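Here is how the chains run, residue by residue.
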Amino acid sequence: MLKKSAVTSTKLFTLILFTGLIWLIDGIPVFAQSFASPMPYTVGSNPYDGALGDFNGDGKPDLAVANNSTSNISVLLGNGDGTWPSVPAI
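Small disclaimer: the values here were computed from a predicted structure and weren't measured.

This part is about the sheet that holds strand β2 (residues 62-67). Strand order in the open sheet made by the 3 strands is β1-β2-β3, with antiparallel pairing throughout. Bordering the open sheet on either side are β1 (47-53) and β3 (72-76), each of which pairs with just one other strand. Adjacent strand axes in the sheet meet at a mean angle of 20 degrees, parallel and antiparallel pairs treated alike. Taken together, the 5 bridges between β2 and β3 define a ladder with antiparallel strand orientation. Bridge assignment links alanine 64 to a residue of β3, and that residue is valine 75.

This is the structure:
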């Protein structure tokens, strides 16, 4: 059987441990994530799926969208800053 001082020490150690963990968690800087507002882009009828790639070889990500109703693909050539023109290239 533990003595009263041992029980008190265990409770104190547990309290210090939890306080330290909370301090560590609260002390970690959390960087807020932010995203730009959604931008609508014109593509074909009933877009089904999309893919990113450098389709024209300019080193900028481009967006290809498969259009289900019209059975074609819309390609938006990237501006290099994470945006695409509003008119599909193909």
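On we go.
The next point concerns the environment of proline 61. Residue position: proline 61 is located in the loop between β1 and β2. A C-alpha to C-alpha distance of 7.6 Å links proline 61 and glycine 82, two positions 21 residues apart in sequence. Not counting residues up to four positions away in its chain, the partners in contact with proline 61 are Gly53, Gly78 and Trp84.

Parameters and conventions
- Residues numbered from 1 in each chain as written.
- Predicted model: local features only at pLDDT ≥ 70, side-chain atom pairs only at ≥ 80, totals over all residues.
- Heavy atoms only, no water.
- Pairing = 2+ DSSP bridges.
- Helix = DSSP H or I, 4+ residues; strand = E, 2+ residues; numbered from the N terminus.
- Axes fitted to C-alpha atoms, helices over the stretch in contact; angles between N-to-C directions.
- Contact = heavy atoms within 4.5 Å.

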